[in-house]
Amino acid sequence: MEQQDMYRELSKKLMMEQSTVLPKIWRSVCSEEEATLINRLPASLEQLVKITGKSLPEMQDIMNELFHRGAVFEFIKDGTTFYRMPRHVVQFHDSSILWAEAPSEMFTFWEEFEETEYPQLLEIATSLKLPSFMRVIPVNETIETRNQVLAYEDAASILKNAKTIAVTLCPCRKLMKRCDGPLETCIQMDRGAEYALKRGTGRRIDYDEALAILKLSEQAGLVHMTENNSGRTNMLCNCCSCCCELLRFAKNEKARGVLAPSRFQAQVNADMCTSCGMCVEICPVDAVVLSTEDIAEVKADACIGCGLCATACPVEAISLFEARPKEFIPGK
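Now for a description of the structure that goes with this document. This structure is a prediction, so every number in the text was calculated from the model and none was measured.

**Let's talk about the overall build of the protein chain**
Logical step 1: Broken down by element type, the protein chain carries 14 helices and 14 strands.
Logical step 2: For 332 residues, the compact-globule estimate of 2.2 N^0.38 gives 20 Å, and the C-alpha radius of gyration of the protein chain, at 21 Å, lies within 12% of that figure.
Logical step 3: With the principal axes as the frame, the protein chain shows a C-alpha extent of 75 × 40 × 35 Å.
Logical step 4: A total accessible area of about 15700 Å² is found for the protein chain, and carbon and sulfur atoms account for 51% of it.
Logical step 5: Positive and negative side-chain charges in the protein chain, numbering 37 and 47 respectively, have mean positions lying 5 Å apart.

What follows is the structure, given as structure tokens:
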């Protein structure tokens, strides 16, 4: 197989066979020899040694370096460490962008990809009605009846159940640089935290610091997001609508299916509204507007149930109510 085809093969495995940009990204991340190795994964060190004829120490050094760059991941099966390539393009995006020594051209290619080819992927996923990649976690304090909140949709409860917590830079804001939102806000837990700590891309934190990051994120108008299932999660992202690889498409009807809203929806007490417009300014998806009477109104079909409008309201005229059943969040 020609080497250019090797990079294209890696892109194909990430469901981007027709991409012209992703092969360039792969080329900036790994050499032709390394691309050949990645295409042979999943495999153990011993299997790769047999295939290549390299020594075990040599192969370990190569895989350690590819792991550091975010090009391969580890998993353990029957006591043996195996290596695999990223499961999907989002995972490759996030892991490679946090590679500290990445060449500048890689970031240029990722920006090009996000602006040209990535939206098409999200539109296809939405049209096929594939399960949403991520979902919104509401700000708990803004929910009308808090006993309706499930443990896996309460950020504080999710953190409380984690044995290991780490924080990394937000790969989306690191790449796009479209706002001045805080960078160190991507919270990793358990396996996700252990991965970030081993790579050196994350910093270990405790529960209290993680809560402080959530509060800082809310004040900055960032939306809490996590994996779209009701099982244990490895991440709590805090996302902006200008840089996030998913949230910035929430207003795009053709692509919005990749992000699921929370089970809740904002509602306004018209008698309490003072027409300050702060809810309109903070809403990341333009779901809150002022009516002709200058009273805040929520567009139900656009609201993602994050609760930011309620946190911004100085007179507490906005709250979240349960708009979707428990079954809305799929099982793991």
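So, next bit.
**A few points about the side chain of Ser95**
Logical step 1: Looking at the secondary structure, you find Ser95 in helix H6 (residues 89–97).
Logical step 2: The exposure class of Ser95 is buried, given its relative accessible area of 5%.
Logical step 3: A polar side-chain atom of Ser95 sits 3.0 Å from the main-chain carbonyl oxygen of Gln91.
Logical step 4: Setting aside its immediate chain neighbours within four residues, Ser95 contacts Arg69, Gly70, Phe73, Tyr195 and Arg199.

**Observations regarding unusual backbone geometry**
Logical step 1: Between Leu41 and the following residue, Pro42, the backbone shows a cis peptide bond with an omega angle of 10°.
Logical step 2: Within the secondary structure, Pro42 sits in the loop between helix H3 (32–38) and strand S1 (43–44).
Logical step 3: Phi at Asp286 takes a positive value of approximately 55°, unusual for a residue other than glycine.
Logical step 4: When you line up the elements, Asp286 lands in the loop between helix H13 (278–282) and strand S12 (288–290).
Logical step 5: Owing to a relative accessible area of 40%, Asp286 belongs among the partly exposed residues under this scheme.

**Regarding the environment of Asn140**
Logical step 1: Among the secondary structure elements, Asn140 is positioned in the loop between strand S4 (134–137) and helix H9 (155–160).
Logical step 2: For the pair Asn140 and Asp190, spaced 50 residues apart in sequence, the C-alpha separation works out to 22 Å.
Logical step 3: Look past the residues within four positions of Asn140 in its chain and what remains in contact with it is Arg146, Val149 and Asp154.
Logical step 4: At a separation of 3.1 Å, a polar atom in the side chain of Asn140 contacts the side chain of Asp154.

**What to know about the pairing of strand S8 (residues 223–227)**
Logical step 1: Within S8, 5 of the 5 residues are buried, which leaves the element mostly enclosed by the surrounding structure.
Logical step 2: Pairing between S4 and S8: 4 bridges, direction antiparallel. Its bridge partner being in S8, Val136 is matched across the sheet by Met225.
Logical step 3: Direction of pairing for S8 relative to strand S9 (residues 235–239): antiparallel, over a ladder of 3 bridges.

**Notes on the side chain of Gln91**
Logical step 1: By secondary structure assignment, the location of Gln91 is in helix H6.
Logical step 2: On the basis of relative accessibility, which here comes to 19%, the residue Gln91 falls in the buried class.
Logical step 3: In terms of polar contacts, Gln91 uses its side chain to reach the side chain of Arg84, at 3.2 Å.
Logical step 4: The residues contacting Gln91, other than those within four sequence positions of it, are Phe73, Arg84 and Pro86.

**Section: the pattern of salt bridges**
Logical step 1: In the structure shown here, the tally under the stated rule is 15 salt bridges.
Logical step 2: Here Glu32 and Arg27 are joined by a salt bridge, their closest N and O atoms 3.7 Å apart.
Logical step 3: The partly exposed category is assigned to Arg27, whose relative accessible area is 39%.
Logical step 4: A salt bridge links Arg248 to Glu115; the nearest nitrogen and oxygen atoms lie 3.6 Å apart. Highlighted residues: Arg248 in the loop between S9 and strand S10 (259–260) and Glu115 in helix H7 (residues 104–116), separated in sequence by 133 residues.
Logical step 5: Because the salt bridges share partners, they merge into one network encompassing Glu114, Glu115, Arg178 and Arg248.

**Thoughts on the sheet that holds strand S3 (residues 80–84)**
Logical step 1: Read from one edge to the other, the open sheet built from 3 strands follows the order S1-S3-S2, with strand pairing classed as antiparallel. One side of each edge strand has no neighbouring strand; the edge strands of this open sheet are S1 and strand S2 (73–77).
Logical step 2: The pairing of S1 with S3 spans 2 bridges and is antiparallel. Considered in S3, the bridge of Ala43 is made with Tyr83.

Rules and cut-offs
Residues numbered from 1 in each chain as written. Predicted model: local features only at pLDDT ≥ 70, side-chain atom pairs only at ≥ 80, totals over all residues. Heavy atoms only, no water. Helix = DSSP H or I, 4+ residues; strand = E, 2+ residues; numbered from the N terminus. Rg over C-alpha atoms; globule rule 2.2 N^0.38 Å. Areas by Shrake-Rupley, 256 points an atom, 1.4 Å probe, with all protein chains shown as cover. Lys, Arg positive; Asp, Glu negative; His and termini not counted. Charge placed at Lys NZ, Arg CZ, Asp CG, Glu CD. Buried < 20%, exposed > 50% of the residue type's maximum accessible area, 1.4 Å probe, protein only. Polar contact = N/O pair within 3.5 Å; in protein donor to acceptor, adjacent residues only side chain to side chain. Contact = heavy atoms within 4.5 Å. Pairing = 2+ DSSP bridges. Salt bridge = Lys/Arg side-chain N within 4 Å of Asp/Glu carboxyl O.

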